[in-house]
Amino acid sequence: MRAGNVKGPALESGSRARLRAASGLTLIELIIVICIIALWAALLFERLRFYQEAAEKAAVEYTVAVVKSALQLRVAAMLLRGEGGNIGSLARANPVEWLMEPPPGYRGEFRAPQPDVPRGSWYFDATRKELVYVPDLDGHLERLADGSKRLRFRVRVDEPAESDSERKRMTGMRVEPVMPYTWFYRQ
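Note on numbering: residues in each chain are counted from 1, in written sequence order. This being a predicted model, a pLDDT of at least 70 is required before a residue's local features are given, and a value of 80 or more before pairs of side-chain atoms are given or counted; all residues contribute to the totals for chains, interfaces and linings. To get the side-chain values, all heavy atoms of the structure are used, and hydrogens and water are removed first.

Caption draft 1: Region of the structure containing the overall build of the protein. Along its length, the protein carries two helices and five strands. Under the scheme used here, helices are H or I runs from DSSP no shorter than 4 residues and strands are E runs no shorter than 2 residues, and both carry numbers assigned from the N terminus. Reading the helices (α) and strands (β) of the protein from amino to carboxyl end gives α-α-β-β-β-β-β. The contact definition used throughout considers only heavy atoms, calling two residues in contact when any of these lie within 4.5 Å. Long-range contacts, defined as pairs at least 24 residues apart, comprise 47% of the intrachain contacts of the protein with a sequence gap of at least 6.

Here's what the structure looks like:
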């Protein structure tokens, strides 16, 4: 009997030690798990920033498309009222005034060429007659020829090379970037 008693407690203490070791993580295992989680979080964060910037680019392109539509409606209304000779004045106007409501982040008209506005803002440069966007996320936006990352758009009026003897006719109007830009891919 004594032999059984001696073996019993010795087996119990050995199995307890194994259970304790199997139930917890060692320090190395914990460090590996934390590194894997940190790597996944970094990849997720980078992908999230990429998609946020892509969404910002899409919102900018949408706003420019809305301004183009508003320009077409404004030209059509002026033609219907018989004000075709005044259509050229639209190139000097603030295109945000043609919209039902300003785009999100619109800060107003400024006369300074580079006003201090928060990132993700639109403003109208009244001196140059340009609608300007200051991107919030610009990691995939190449610097423009002037070294900045501000996107500038202007209303252009195409007039014929030779003036008509009776009246000057406009051949087309459009909203276009002042300087071509590359955001994510070549345009």
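Caption draft 2: Expanded view of the pairing of strand E2 (residues 121-125). Here E2 lies mainly inside the structure; five of its five residues are buried. With burial as the criterion, each face of E2 is covered, one bearing Ser121, Tyr123 and Asp125 and the other bearing Trp122 and Phe124. Relative to E2, strand E1 (residues 106-110) runs parallel, the two being bridged by three bridges. Residue pairing for E2: Phe110 is matched across the bridge by Asp125. Where E2 meets strand E3 (residues 130-134), five bridges bridge the pair, whose relative direction is antiparallel. What sits directly across from Ser121, in E3, is Val134. The rule is simple: take the accessible area with a 1.4 Å probe, protein chains only, and divide by the maximum for that residue type; under 20% is buried, over 50% is exposed, in between is partly exposed. At least two bridges found by DSSP between two strands are what make those strands a pair.

Caption draft 3: Fine view of a nonpolar patch on the surface. Candidate patch residues must exceed 30% relative accessible area and have no salt bridge, after which like charges are joined if within 9 Å and Val, Leu, Ile, Met, Phe, Trp or Tyr side chains if within 5 Å. In short, Shrake-Rupley with a 1.4 Å probe defines the accessible areas, and a residue's cover is counted only from the protein chains shown. The term salt bridge refers to a pairing of a side-chain nitrogen on Lys or Arg with a carboxyl oxygen on Asp or Glu at a separation within 4 Å. Judged by side-chain polarity, Leu25, Leu27, Leu30, Ile31 and Ile34 come together as a nonpolar surface patch covering roughly 510 Å² of accessible area. Turning to its location among the elements, Ile34 is positioned in helix H2 (residues 27-80).

Caption draft 4: Region of the structure containing the packing of aromatic side chains. We call Phe, Tyr and Trp rings a pair once their centres come within 6.5 Å, taking the six-membered ring for Trp, and we label the pair stacked below 30 degrees between planes, edge-to-face above 60, and tilted otherwise. Taken as a whole, this structure holds six aromatic pairs when the rule is applied. Arranged with centres 4.8 Å apart and planes meeting at 50°, the rings of Trp122 and Tyr133 form a pair that is tilted. With Trp122 in strand E2 and Tyr133 in strand E3, this pair connects stretches of sequence that are 11 residues apart. Comparing Trp122 with Tyr133, the two get one shared label, buried.

Caption draft 5: Structural detail: unusual backbone geometry. We note that Lys129 has phi near 60°; this positive angle belongs to a residue other than glycine. Along the chain, the position of Lys129 falls in the loop between E2 and E3.

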